[in-house]
Amino acid sequence: MRKNIFILLCFISSFAIAQTKGTPISFGKTYTLASKELNQDREIQVYLPVSYQNSKEKYPVLYILDGQWFFANGVGIQQSLRTPGAIPEMIVVGIKTKNPIRRRFYQREKEKFTRFLNNEVIAFIDSNYRTTNERVIYGWESAAYFISELILGKNNRFKGAIVTDGGYASEELIKKFNSSSDIYLFIANSKKDIYYIGSTEAFSKNLSKHQPKNLIWKYELFNDEVHETLPHLAMYKGIMYYYYNYDSLVFESMDAYEKAGGMAYLTSFFKERAKRFGGDGSIDDSTKNSLIWLAWRRNNFKYFSYFMNEFKEVLSTKRYASAYWQNRLGQFYLKHKDYKNAIIYFTRGLEKYPNTNFQKEMEEGLKNAKAKR
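Computed from a predicted model, the values in this text were never measured in an experiment.

Enquirer: Explain the overall build of the protein chain to me, using residue names and the numbers behind them.
Expert: When helices and strands are tallied, the protein chain shows 15 helices and eight strands. Relative to a compact globule of 373 residues, whose C-alpha radius of gyration would be 21 Å, the protein chain shows 28 Å and is clearly more extended. The principal-axis extent of the C-alpha atoms belonging to the protein chain is close to 85 × 85 × 45 Å. Partitioning the intrachain contacts of the protein chain with sequence separation of at least 6 by distance along the chain shows that 69% fall at a separation of at least 24. Surface exposure of the protein chain reaches about 20400 Å², of which carbon and sulfur atoms provide 50%. In the protein chain, 55 side chains carry a positive charge and 38 a negative one; their mean positions are 4 Å apart.

Enquirer: Now, about helix α7 (residues 197-210): what can you tell me, with residues and values included?
Expert: The end-to-end C-alpha separation of α7 is 20 Å, in line with the 20 Å expected for 14 residues at 1.5 Å each. Looking only at α7, the buried set comprises Ile-197, Ser-199, Thr-200, Phe-203, Ser-204, Asn-206 and Leu-207. Contact partners of the buried residues in α7: α5 (142-152), α6 (171-176), β7 (183-189) and β8 (215-221). Just downstream of α7 lies Gln-211, where phi reads positive at about 45°.

Enquirer: I'd like a rundown of the pairing of β7, residues and numbers included.
Expert: Burial runs high along β7: seven of the seven residues are buried. Every second residue of β7 is oriented toward a common face, with Ile-183, Leu-185, Ile-187 and Asn-189 on one face and Tyr-184, Phe-186 and Ala-188 on the other, all of them buried. Pairing analysis gives seven bridges linking β7 to β8, with the strands arranged parallel. Bridging across to β8, Ile-183 finds its partner in Leu-215. Each parallel crossover has a hand, and the one from β7 via α7 to β8 is right-handed.

Parameters at a glance
- Residues numbered from 1 in each chain as written.
- Predicted model: local features only at pLDDT ≥ 70, side-chain atom pairs only at ≥ 80, totals over all residues.
- Heavy atoms only, no water.
- Helix = DSSP H or I, 4+ residues; strand = E, 2+ residues; numbered from the N terminus.
- Rg over C-alpha atoms; globule rule 2.2 N^0.38 Å.
- Contact = heavy atoms within 4.5 Å.
- Areas by Shrake-Rupley, 256 points an atom, 1.4 Å probe, with all protein chains shown as cover.
- Lys, Arg positive; Asp, Glu negative; His and termini not counted.
- Charge placed at Lys NZ, Arg CZ, Asp CG, Glu CD.
- Expected span 1.5 Å × (residues − 1).
- Buried < 20%, exposed > 50% of the residue type's maximum accessible area, 1.4 Å probe, protein only.
- Pairing = 2+ DSSP bridges.
- Right-handed = clockwise from strand over helix to strand, strands pointing away.

Right under this line is the structure:
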């Protein structure tokens, strides 16, 4: 009896082990750089976008100071936003700088750390990976002060910076800022961060006072957060701020569309987007679709008719190639007594997509539209 129980327990244990055995999850590589600038070995972490191996494209790079804490967050933002979409796919680089040396390199020896960053880390990444010259850098607390001065100084090689729970630059440095192209700076803090809120408030006031040319900046407070919880949210908000005009446009109402400037705003938005990220500057299909659907959802037939005519080329795309959409559009026209267009969509739906769940509904809609025409 005891022998049988022992065998049974062994079987259960082996089954449990087999069930719980897993495969390690990996989302990057770690490299050790023999730094001549710092006279020590330093570790960096590198994440490559999902599409990297099967493409020949070049990618922007997000550099994260204190990668030992925040590298995984940068990777998570990339993957959770389902890039490319809201933001482009990016290479993510984490630079490990643990306590207590991080304060020394970010403050007393910041010139040395700047040379390490520019001459060794960036040089390594650009030599070993396909990169663009679009670089964004992130830093929390002590690193925020380092980045604030770096982004405004003559040795800056970044187009965007995100600083949180810290940060400051003197009026003298702000007045000396000189860039021929736009540089983006996002500053985040919380009133609950009693340690560093004073410096970021002063930084914001100095920037407001002098309004440096070609510096696109924003200071935002997240007062539900504290010193330890804000860095993750700030990284997400900062990346979205930098890429504010990368994604397609979405409006919550027709009033919002009108207040933004209507079609003139759409035209200028996509021209500016093309200057930053490439493309022909035309309004993209996603924005066209969202406006058609917005007018439909808000029962605004005036704008629905306008967008259906203005964006008629999008109606021939794969998205609308179904009985569902032909019926939906036909029903909306029928509801608003535009019988001519209702007939067009019902007829097209029945001819192209016969024997579907919508056939009976389209047949009835077509019959009603013809009767009332």
